[in-house]
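# Residue-level structural notes
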Amino acid sequence: MAKGIIEIIENRCTGCGFCEISCKKKCIEMTEKISSLGMYLPEFKNPEDCIACSICAIMCPHVAIDVYELVEAST
């Protein structure tokens, strides 16, 4: 199964929480951290559970999430 990592672009995030709600693996949680826009920010938690499905990025209305699929190097 694919593994992934996400990057939250803080200056685009409005703190709507759609990413947290949409993540079936519970890899995103809203925090008390405040962005430069004055919004609460989500945080990437439990990276070992992320499957790089990109639902969080698709649900984000402000394109504030980038998803990267980790690929093992072949030898």
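Remember, predicted model here, so these are calculated numbers, not experimental data.

### Some words on the pattern of salt bridges
One pass over the structure, following the stated rule, counts two salt bridges. Salt-bridge contacts for Glu10 lead to Lys33; the nearest nitrogen and oxygen are separated by 3.0 Å. Of this pair, Glu10 sits in the loop between β1 (3–8) and α1 (18–22) while Lys33 sits in strand β2 (residues 28–34), and the two are 23 residues apart along the sequence. Between Glu43 and Lys45 there is a salt bridge, with the nearest N and O atoms lying 3.0 Å from each other.

### Observations regarding the pairing of strand β3 (residues 40–44)
Here β2 runs beside β3; their pairing, made up of four bridges, is antiparallel. For Glu29, the partnering residue across the bridge sits in β3 and is Glu43. A loop of five residues connects β2 with β3, the two strands running antiparallel in sequence, and Gly38 in this loop sits at a positive phi of about 85°.

### Regarding empty space enclosed by the protein
Counting across every chain of the model gives one cavity of 30 Å³ or more. Approximately 70 Å³ is the volume found for the largest cavity. Forming the walls of the largest cavity are 13 residues, and the residues nearest its centre are Cys13, Cys16, Cys19, Cys60 and Ala64.

### Concerning the environment of Val63
Summarising the element assignment, Val63 is placed in the loop between α2 (55–59) and β4 (65–70). Linking Val63 and Phe44, residues 19 residues apart in sequence, is a C-alpha distance of 16 Å. Excluding its chain neighbours within four sequence positions, the residues that come into contact with Val63 are Ile9 and Arg12.

### Points about unusual backbone geometry
One non-glycine residue, Asn46, lies in positive phi territory at about 50°. Tracing the backbone through its elements, the reader meets Asn46 in the loop between β3 and α2. Even without being glycine, Ala52 reaches a positive phi, approximately 60°. With respect to the helices and strands, Ala52 occurs in the loop between β3 and α2. Given the relative accessible area of 14%, Ala52 is considered buried.

Definitions and limits used
Residues numbered from 1 in each chain as written. Predicted model: local features only at pLDDT ≥ 70, side-chain atom pairs only at ≥ 80, totals over all residues. Heavy atoms only, no water. Salt bridge = Lys/Arg side-chain N within 4 Å of Asp/Glu carboxyl O. Helix = DSSP H or I, 4+ residues; strand = E, 2+ residues; numbered from the N terminus. Pairing = 2+ DSSP bridges. 1 Å grid on protein atoms, 1.4 Å probe; cavity = no way out; pocket = protein on both sides within 12 Å on 5 of 7 lines; lining within 4 Å. Points joined across faces, edges and corners; volume = space filled by probe spheres on them. Contact = heavy atoms within 4.5 Å. Buried < 20%, exposed > 50% of the residue type's maximum accessible area, 1.4 Å probe, protein only.

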